[in-house]
Amino acid sequence: MAPSRSRIVGAALVAVVLLLAACSDDDEPTATGDGGSATETTASADDAADPYGAASDDGTETTEASDPAAEPTVAVAESDLGPIVVDGQGVTLYLFTNDTQGEPSTCTEGCAATWPALTGPVAAGEGVDEALIGTVANPDGTEQATYDGWPLYYYAQDGGPGDTNGQGVGGVWWVLDAAGEAIEG
């Protein structure tokens, strides 16, 4: 007696699930073997707004896995706007003039999706005044990094280091200089 069509389809589905499960380990980070960090390659639509990723030639995104004990860094980098405050990867950071220095962020919900917070604490990198680095506790329980009291943000439309697409948006979002002042214009 020949197997029924539903049994053949069922067996084929099981084979596909097992094959997919066996292939799913390809997304695991690969250790460098030298005690250094692991490199992870991913490709998803959600990664496009990742301020830390760098796209490779094949369209996938490569990020370095970081030491969980290491703090993010804030530094100063040269840009078309002059020296500006960036994160340790060179991605531009912004202040929101609707915020009050030393107070929790006023950018919530939809705003926070477009302007993700730099969570803190952070370490002082090259060119910044360590005395200006701090944090503020936001109502949602997160700790946000500050510079000269200003909560720091990324802009989701910046594609990577050096981009300043958020500069002047709505007349309230500005890059900062090394003194913690907004660079307007």
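In what follows, the structure referred to is the one given above.
None of the values given here were measured: they were computed from a predicted structure.

Draft legend 1. Quick peek at the sheet that holds strand 10 (residues 150-151). What the 3 strands build is an open sheet, ordered 8-9-10; its pairing is antiparallel. In this open sheet, the two edge strands, each paired with only one partner strand, are strand 8 (133-137) and strand 10. Here 5 bridges tie strand 8 to strand 9 (residues 143-147), and the two strands are oriented antiparallel to one another. Bridging across to strand 9, Gly134 finds its partner in Thr146.

Draft legend 2. The arrangement of the packing of aromatic side chains in detail. In the structure shown here, the tally under the stated rule is 7 aromatic pairs. Plain terms: the ring middles of Tyr94 and Tyr155 are 6.3 Å apart, the flat faces sit at 75° to each other, and that makes the pair edge-to-face. Of this pair, Tyr94 sits in strand 6 (residues 94-96) while Tyr155 sits in the loop between strand 10 and strand 11 (173-176), placing them 61 residues apart in sequence. In this pair, the class of Tyr94 matches that of Tyr155, namely buried. Three or more aromatic residues joined by ring pairs form one cluster here, namely Tyr94, Phe96, Trp115, Tyr153, Tyr155 and Trp173.

Draft legend 3. Inspection of the sheet that holds strand 7 (residues 123-124) at higher detail. In space, the 3 strands of this open sheet follow the order 5-4-7, with mixed pairing throughout. Of all the strands in the sheet, just strand 5 (82-87) and strand 7 have a single pairing partner and so form its edges. Both strand 4 (residues 73-79) and strand 5 contribute to a ladder of 6 bridges, which runs antiparallel. In the strand pairing of strand 5, Ala75 is matched with Val86.

Draft legend 4. Local environment of the side chain of Asn138. Along the chain, the position of Asn138 falls in the loop between strand 8 and strand 9. The contacts of Asn138, once residues within four sequence positions are left out, are Pro104, Ser105 and Gln144.

Draft legend 5. Structural context of the state of the cysteines. Overall, the coordinates contain 1 disulfide when judged by the stated rule. At a sulfur-sulfur separation of 1.9 Å, the disulfide partner of Cys107 is Cys111. Taking the sign of the S-S torsion, -110° for the link of Cys107 and Cys111, the bridge is left-handed.

Draft legend 6. Structural detail: the side chain of Thr146. Structurally, Thr146 is set in strand 9. Of the polar contacts made by the side chain of Thr146, one reaches the backbone nitrogen of Thr135; its length is 3.4 Å. Excluding residues that lie within four positions of it along the chain, Thr146 makes contacts with Leu132, Ile133, Gly134, Thr135, Val136, Pro151 and Leu152.

Procedures and definitions
- Residues numbered from 1 in each chain as written.
- Predicted model: local features only at pLDDT ≥ 70, side-chain atom pairs only at ≥ 80, totals over all residues.
- Heavy atoms only, no water.
- Pairing = 2+ DSSP bridges.
- Helix = DSSP H or I, 4+ residues; strand = E, 2+ residues; numbered from the N terminus.
- Phe/Tyr/Trp six-rings, centres within 6.5 Å; stacked < 30°, edge-to-face > 60°.
- Buried < 20%, exposed > 50% of the residue type's maximum accessible area, 1.4 Å probe, protein only.
- Contact = heavy atoms within 4.5 Å.
- Disulfide = S-S within 2.5 Å.
- Polar contact = N/O pair within 3.5 Å; in protein donor to acceptor, adjacent residues only side chain to side chain.

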